[in-house]
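So the chains spell out like this:
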Amino acid sequence: MATLVLGGAGYIGSHMVDRLLAANRDVVVVDNLLTGHRKAVPANVPFYEVDIRDKAALNEVFDQEPIDQVVHFAASSIVPESMADPLKYFDNNTGGMINLLEVMLKHDVKNIVFSSTAATYGIPEDNPIVETTPQNPINPYGESKLQMEHIMRWADEAYGLKWVALRYFNVAGAKADGSIGEDHPTETHLVPIILQVALGERDKIMMYGDDYNTPDGFNVRDYVHVMDLADAHIEALDYLADGNPSNQFNLGSANGYSVKEMVEAARKATGKEIPAEVGPRRVGDPDSLVASSDKAREILGWQPQYENVEDIIKTAWTWHQKHPHGYEDR
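The following refers to the structure shown. (Residues numbered from 1 in each chain as written. Predicted model: local features only at pLDDT ≥ 70, side-chain atom pairs only at ≥ 80, totals over all residues. Heavy atoms only, no water.)

## Some remarks on the sheet that holds strand β1 (residues 2-6)
Taken together, the seven strands give an open sheet; going across it, the order is β3-β2-β1-β4-β5-β6-β10, and neighbouring strands pair in parallel fashion. Strands with a single pairing partner mark the edges of an open sheet, and in this sheet they are β3 (47-48) and β10 (247-251). Here three bridges tie strand β4 (residues 67-72) to strand β5 (residues 111-117), and the two strands are oriented parallel to one another. Of the residues in β5, the one forming a bridge with His-72 is Phe-114. (Pairing = 2+ DSSP bridges. Helix = DSSP H or I, 4+ residues; strand = E, 2+ residues; numbered from the N terminus.)

## Points about helix α1 (residues 11-22)
Owing to its 3.6 residues per turn, the α-helix brings residues three or four apart onto one side. If you check α1, its first and last C-alpha atoms are 17 Å apart, about what 12 residues at 1.5 Å a residue would give, namely 16 Å. Within α1, nine of the 12 residues are buried, leaving the element largely enclosed by the surrounding structure. Buried positions along α1 lie against β1, β2 (26-30), β4, β6 (162-168), β7 (170-172) and α7 (226-241). Downstream of α1 by a residue or two, Asn-24 has a phi angle that is positive, lying close to 60 degrees. (Expected span 1.5 Å × (residues − 1). Buried < 20%, exposed > 50% of the residue type's maximum accessible area, 1.4 Å probe, protein only. Contact = heavy atoms within 4.5 Å.)

## Here we look at the pattern of salt bridges
Applying the stated rule across the entire model yields 13 salt bridges. Arg-19 is the partner of Asp-231 in a salt bridge, and the nearest nitrogen-oxygen pair spans 2.6 Å. Within this pair, whereas Asp-231 is found in helix α7, its partner Arg-19 is found in helix α1, the two being separated by 212 residues in sequence. Residue Asp-177 pairs with Lys-175 through a salt bridge whose shortest N-O separation is 4.0 Å. Connected through salt bridges with shared partners, the residues Asp-18, Lys-175 and Asp-177 form a single ionic network. (Salt bridge = Lys/Arg side-chain N within 4 Å of Asp/Glu carboxyl O.)

## Some remarks on the layout of surface pockets
In this structure, the second largest pocket encloses a volume near 150 Å³. Lining the second largest pocket are 14 residues; nearest its centre among them are Asp-183, His-184, Gln-196, Pro-324 and Gly-326. The residue inventory of the lining of the second largest pocket, partitioned by class, reads three nonpolar, seven polar and four charged. (1 Å grid on protein atoms, 1.4 Å probe; cavity = no way out; pocket = protein on both sides within 12 Å on 5 of 7 lines; lining within 4 Å. Points joined across faces, edges and corners; volume = space filled by probe spheres on them. Nonpolar A, V, L, I, M, F, W, Y, C, P; charged D, E, K, R; others polar.)

## Points about the pairing of β6
In terms of burial, β6 is largely enclosed, as six of its seven residues are buried. The β-α-β motif built from β5, the intervening helix α5 (residues 140-159) and the parallel element β6 has right-handed crossover chirality. Bridge analysis of β6 against β10 gives five bridges, and the strand direction is parallel. Within β10, the residue paired with Val-164 across the bridge is Asn-247. (Right-handed = clockwise from strand over helix to strand, strands pointing away.)

## Overview of unusual backbone geometry
Residue Pro-128 is reached from Asn-127 by a cis peptide bond, and omega for that bond is 5 degrees. Relative to the assigned elements, Pro-128 resides in the loop between β5 and α5. Within the chain, Leu-33 stands out as a residue other than glycine whose phi angle is a positive 65 degrees. Considering the arrangement of structural elements, one finds Leu-33 in the loop between β2 and β3. Even without being glycine, Ile-274 reaches a positive phi, approximately 55 degrees. Locating Ile-274 in the fold gives a position in the loop between α8 (259-270) and β12 (276-279). By relative accessible area, Ile-274 is classed as buried at 2%.

## A short note on helix α4 (residues 86-106)
In this model α4 runs 29 Å from its N-terminal to its C-terminal C-alpha over 21 residues, within 8% of the 30 Å that 1.5 Å per residue would give. Of all the bends found along α4, the most pronounced is centred on Gly-96 and spans about 30 degrees. Within α4, burial applies to Tyr-89, Asn-92, Asn-93, Thr-94, Gly-96, Met-97, Asn-99, Leu-100, Leu-101, Val-103 and Met-104. Considering only its buried residues, α4 is in contact with β1, α2 (55-64), β4, α3 (79-84), β5 and α5. (Bend = angle between axes of the 7 residues up to and from the residue.)

## Looking at the environment of His-72
Turning to its location among the elements, His-72 is positioned in strand β4. Along the primary structure His-72 and Phe-114 are separated by 42 residues, whereas in three dimensions their C-alpha atoms are 4.9 Å apart. Contact partners of His-72, with chain neighbours within four places excluded, come to Leu-6, Ile-52, Met-97, Leu-100, Ile-112, Val-113, Phe-114, Ser-115 and Met-148. A polar contact of 3.2 Å, which involves the side chain of His-72, links it to the backbone nitrogen of Ala-74. (Polar contact = N/O pair within 3.5 Å; in protein donor to acceptor, adjacent residues only side chain to side chain.)

## Observations regarding the packing of helix α6 (residues 190-198) against helix α10 (residues 309-322)
It is at 10 Å that the axes of α6 and α10 come closest, and there the two elements cross at 55 degrees. When the interaxial angle is binned, α6 and α10 end up oblique. The way α6 lies across α10 gives a crossing that is right-handed. The residues of α10 that touch α6, namely those facing Val-191, Pro-192, Leu-195 and Ala-198, are Ile-313, Ala-316, Trp-317 and His-320. Taken together, the residues that form the contact of α6 with α10 break down as seven nonpolar, one polar and no charged. (Axes fitted to C-alpha atoms, helices over the stretch in contact; angles between N-to-C directions. Parallel < 35°, antiparallel > 145°, perpendicular 65-115°, else oblique. Left-handed = near helix turned anticlockwise from the far one by under 90°.)

## A few points about the side chain of Thr-270
With respect to the element layout, Thr-270 can be found in helix α8. Here Ala-266 takes part through its backbone oxygen, which lies 2.7 Å from a polar atom of the side chain of Thr-270. If near-sequence neighbours (up to four positions away) are discounted, Thr-270 is found in contact with Leu-195, Ala-198 and Trp-317.

Fair warning: the whole summary comes from geometry, so function is off the table for now.
What follows is the structure, encoded as structure tokens:
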């Protein structure tokens, strides 16, 4: 039997495929390659260039492959874009989930691990954030992911489909050998943007707002290494395979780092100057978002290997040095 990784040519998905292969598990990858990279998937892994919204094509994949579990990364995930084009997000994310679940049920596949997000919490009441913190998204991206969680919950009620929603915080880093890493058509994530400055591809890093209610005035986020994230997905798959009930877990380091601290850590990790400039706040940026991941550690047995943010950045730096233009360098 095989694990289907939807979005397996993307940043997190490709690291998931790598971890599954290292665990000697059979893998099938589906990706529409809008943001993913064919070169990120090993040539010996069955690969289908299919959009999750194409139900007929998705059905064919399930007809041809012995799939018994699904990991779902195939979603649009850029917050500003979701504000400008919300219907795209509800079509691809929410609508795509309905398509997927219908195909899974048709083929009697009833285990799915789903990549949710901290964006479902909006501006949270609690910090650190726990799984019972009220979910009040403030953008269509977070709303679409929350709707996906609700759809799975009702699919469990009606059809016995079991799911785990993993609510990510800020994902960073790369495989330690630099063979796979983060490569987006338009980069919006802090760590690769900082490293683009270190590579000389940008003149400086803009730090938006220095008057937040935090120790140094810059907003604070929780960073988790992409390989630790992949490990959590494998543990969630095993949790479902053991017959456990549907559940949701936060995935973060439980440590918060400000934007300024991230820039300073990157300077140490790279040995580069990395010019930085303070700019005005961005609308809707919370002061601090830090996850409590106690539940994942206790129930899934998740034990992140990268607890130090400088070590996380070093792995990303290895990737960016080897591939300054991403997968085009291969």
